[in-house]
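This is what each chain is made of:
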Amino acid sequence: MSWFRKKNIGIDLGTANTNVYVEGKGIVLGEPSVVAKDRQTDEVVAVGVNAQKMIGRTPGSIVAIRPMKDGVIADFDTTAAMMEYFIGKSLGKRASKPNVLVCVPGGGTEVEKRAIIDATRMAGAKDAYLIEEPFAAAIGAGLPVNEPTGSMVVDIGGGTTDVATISLGGIVSSRTIKMAGDQMDQSIIHYIRNKYNLLIGERTAEAVKIQLGSASFESSKTLENMDIRGRDLLTGLPKTISIPATDIAEAIREVIDAIIIAVKSTLEDTSPEISADVIDRGIVLTGGGTLLNHLSDIIAEATEVPVFVASNPLDCVAIGTGEALNHIDMYKKQSR
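Definitions and limits used
- Each residue is numbered by its place in its chain's sequence as written, counting from 1.
- With the structure being a predicted model, the display of local features is reserved for residues of pLDDT at least 70 and the display and counting of side-chain atom pairs for 80 or more, all residues being used for whole-chain, interface and lining totals.
- As a rule here, side-chain values cover all heavy atoms of the structure and leave hydrogens and water aside.
- Each axis is a line fitted through C-alpha atoms, taken for helices only over the stretch in contact, and angles between the N-to-C directions span 0 to 180 degrees.
- Numbering of helices and strands runs from the N terminus; a helix is a DSSP stretch of H or I covering at least four residues, while a strand is a stretch of E covering at least two.
- Note on terminology: angles under 35 degrees are roughly parallel, angles over 145 are roughly antiparallel, angles of 65 to 115 are roughly perpendicular, and the others are oblique.
- It only takes one pair of heavy atoms within 4.5 Å for two residues to be counted as in contact.
- Three categories are distinguished: nonpolar for Ala, Val, Leu, Ile, Met, Phe, Trp, Tyr, Cys and Pro, charged for Asp, Glu, Lys and Arg, and polar for the others, with Gly belonging to the last.
- Summary of the metric used: pLDDT quantifies the predictor's per-residue confidence within the range 0 to 100.
- Between any two strands, at least two bridges found by DSSP are needed for them to pair.
- UniProt positions are given in the numbering used here, feature names are shortened, and annotations may be inferred rather than shown by experiment.
- Three exposure classes are used, based on accessible area relative to the maximum for each residue type with a 1.4 Å probe and protein chains only: buried under 20%, partly exposed in between, and exposed over 50%.
- Polar contact is the term for a pair of N or O atoms within 3.5 Å; when the atoms are in protein, one must be able to donate a hydrogen and the other to accept it, and sequence-neighboring residues count only if both atoms are side-chain atoms.
- As used throughout, domain bounds are those supplied by an automatic or database domain assignment.
- Two parts lose some accessible area (1.4 Å probe) when they are put together, and adding that loss for both gives the buried area.
- Any Lys or Arg side-chain nitrogen found within 4 Å of a carboxyl oxygen on Asp or Glu counts as a salt bridge.
- For the handedness criterion, the strands are oriented away from the viewer, and a crossover whose path from the first strand over the helix to the second runs clockwise is classed as right-handed.

Novice: Can you help me understand the packing of helix α5 (residues 181-196) against helix α9 (residues 253-268) in this one?
Specialist: The interhelical angle for the contact between α5 and α9, taken along N-to-C directions, is 150°, at an axis separation of 9 Å. Compared by their axis directions, α5 and α9 come out roughly antiparallel. In this structure, α5 uses Gln183, Met184 and Ser187 to contact α9, whose residues at the interface are Val255, Ile256 and Ile259. Among the residues making up the contact of α5 with α9, the classes are represented as 4 nonpolar, 2 polar and no charged.

Written as structure tokens, this is what we have:
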């Protein structure tokens with residue numbers, strides 16, 4: 001039976017979301033990287049979508065957490081439990097132990113990489129290997145990573161932004177910064193608290209970012225206000241206020257500036273030949289953060305290089321990790 005045939009799988013283990021790619025099937029699962037646990041027994045109560053619904057709404061005995069932080073493991077046992085759930089849900093309980101190719105942010109330390117391999121094995125993998133996130137994103141975006149020509153990718157995820165130039169199957173120059181979607185959410189929370197004395201949660205901040213967020217302050221002036229609800233820090237009571245999009249553009253400006261600096265620094269470290277290729281081909285944006293309004297325009301203006309958003313930015317890393325399964329023997333050697 002086909003269920004008993006060993007399948008290799010690729011996992012985009014993100015700070016905000018995890019996608020699983022099964023060999024021969026494609027992406028079969030995409031859920032938030034969230035786990036709900038019982039504080040007293042340490043038992044896992046829910047994982048993924050069901051756990052995300054509990055954020056900010058749990059009783060004192062249950063806590064909903066993200067076991068990944070800034071692209072690395074913050075809680076080892078919880079990460080292993082989360083991965084075990086995702087692998088089991090993707091393959092079924094009767095499937096044999098798979099070999100797993102896990103995507104990790106560029107620039108991670110050997111200790112951080114080893115922790116991901118160990119957690120994946122604990123989650124039920126026969127063995128685990130690693131691929132760097134910007135390289136996987138470039139593959140998923142359809143860039144010619146193995147050709148003798150330069151490509152540049154900027155992957156803006158939840159915990160990190162990875163910037164890399166790629167040629168001949170390898171990363172030529174790169175930067176990884178802990179400025180991405182989650183930091184935008186936190187910046188919005190802090191800005192609204194400081195300006196309006198209103199405390200909002202992460203889910204509200206993300207909703208505001210999606211509806212009002214813009215990398216361009218001028219363009220944000222054309223957007224309508226949005227009503228948000230939170231807790232008044234002066235009275236302690238629930239309160240609704242209307243905020244303009246310009247506030248959100250101001251709140252996330254520091255994160256946008258940091259991403260632009262990372263892109264410029266990576267270009268500065270790149271050889272003239274590859275720089276010329278990047279000018280011809282442009283910079284490709286992947287990841288959920290690229291959905292921010294006018295981000296590609298702002299980066300293009302700052303670098304004077306054409307910038308394009310990949311056709312399927314949310315799934316590029318997972319697709320690239322899955323396609324890399326065709327060459328898993330190469331990643332076995334690199335992960336030793």
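That was the structure; now back to the text.
Novice: Explain the confidence of the model for the protein here, please?
Specialist: Any region with low pLDDT has predicted coordinates that should not be read closely. In the predicted model, the protein carries a mean pLDDT of 92, and 96% of its residues have values of at least 70. A low-confidence stretch, residues 1-5 (pLDDT under 50), is modelled with 11 contacts involving residues beyond four sequence positions or located in other chains.

Novice: Can you walk me through the sheet that holds strand β3 (residues 26-32) in this structure?
Specialist: Taken in spatial order, the 5 strands line up as β3-β2-β1-β9-β10 in an open sheet, and their pairing is mixed. Each end of this open sheet is capped by a strand with a single partner; those strands are β3 and β10 (127-132). Direction aside, the axes of adjacent strands within the sheet are offset by 20° on average. The pairing of strand β2 (residues 17-22) with β3 spans 6 bridges and is classified as antiparallel. Each residue of the ladder has a partner; that of asparagine 19, found in β3, is glycine 30. Against the sheet, helix α4 (residues 133-140) touches β9 (99-104) and β10, its axis set at about 75° to β10.

Novice: I tried to follow the UniProt feature "binding site: ATP" (unreviewed entry) in the protein on my own but got confused; where do I start?
Specialist: Per the UniProt record, "binding site: ATP" (unreviewed entry) is found at Thr15, Ala16, Asn17, Gly158, Gly159, Thr160, Glu206, Ala207, Val208 and Lys209. Relative to the helices and strands, threonine 15 resides in the loop between β1 (9-13) and β2. Among the residues examined, threonine 15 registers a relative accessible area of 5% and is labelled buried. Setting aside its immediate chain neighbours within four residues, threonine 15 contacts Ser33, Arg66, Met68, Lys69, Asp70, Gly71, Gly158, Gly159 and Asp182. In terms of polar contacts, threonine 15 uses its side chain to reach the backbone amide nitrogen of glycine 71, at 2.8 Å. Within the element layout of this structure, lysine 209 appears in helix α6 (residues 202-212). For lysine 209, a relative accessible area of 14% translates into the label buried.

Novice: Looking at this structure, I do not really get the domain arrangement of the protein. What am I missing?
Specialist: Size of an interface, as often reported, equals the accessible area lost when the parts are brought together. Looking at the assigned domains, one finds that the protein contains domain 1 (8-135 + 316-335) and domain 2 (143-309). Summarising the inter-unit geometry, the C-alpha centres of domain 1 and domain 2 are found 24 Å apart. It is Asp70, Pro134 and Phe135 in domain 1 that bury the most area against domain 2; as a group they hold 42% of the surface buried on that side. Linking domain 1 to domain 2 there are 1 salt bridge. The partner of aspartate 182 in a salt bridge is arginine 66, and the shortest N-O contact between them spans 2.9 Å.

Novice: Quick question: what am I supposed to make of the pairing of β9 here?
Specialist: Regular strands place side chains that alternate from one sheet face to the opposite one. The buried fraction of β9 is high, at 6 of 6 residues. Sheet analysis places β1 next to β9, joined by 4 bridges and oriented parallel. The partner of isoleucine 9 across the bridge, within β9, is valine 100. Two strands pair when backbone bridges link them, and β9 and β10 are joined in this way by 6 bridges, in the parallel orientation. What sits directly across from asparagine 99, in β10, is aspartate 127. In terms of handedness, the path from β9 via helix α3 (residues 110-122) over to β10 forms a crossover that is right-handed.

Novice: Got a minute to help me understand the environment of isoleucine 256 in this structure?
Specialist: Tracing the backbone shows isoleucine 256 in helix α9. For isoleucine 256, a relative accessible area of 3% translates into the label buried. Measuring from C-alpha to C-alpha, the distance between isoleucine 256 and isoleucine 210 comes to 15 Å, with 46 residues separating the pair along the chain.

Novice: Just to check I follow, could you spell out the environment of methionine 54 for this structure?
Specialist: With respect to the helices and strands, the residue methionine 54 is situated in the loop between α1 (49-52) and β6 (62-65). Methionine 54 sits in the partly exposed class, given a relative accessible area of 25%. Along the primary structure methionine 54 and glutamate 147 are separated by 93 residues, whereas in three dimensions their C-alpha atoms are 46 Å apart. When near neighbours in sequence (up to four residues on either side) are disregarded, methionine 54 contacts Ala36, Val45, Ala46 and Ala64.

Novice: Just to check I follow, could you spell out the pairing of β1 for this structure?
Specialist: Extensive coverage of β1 is indicated by the burial of 5 of its 5 residues. Here β1 shows no split at all, with Ile9, Ile11 and Leu13 on one side and Gly10 and Asp12 on the other all buried. The pairing of β1 with β2 spans 5 bridges and is classified as antiparallel. Looking at the pairing, aspartate 12 lines up with asparagine 19 of β2. Counting the residues between successive antiparallel strands, the hairpin from β1 to β2 contains 3 residues.

Novice: Is there a simple way to think about the side chain of serine 187 in this case?
Specialist: Structurally, serine 187 is set in helix α5. You can call serine 187 buried: its relative accessible area is 13%. Once you skip the residues sitting within four places of it in the chain, serine 187 turns out to touch Ala251 and Val255.

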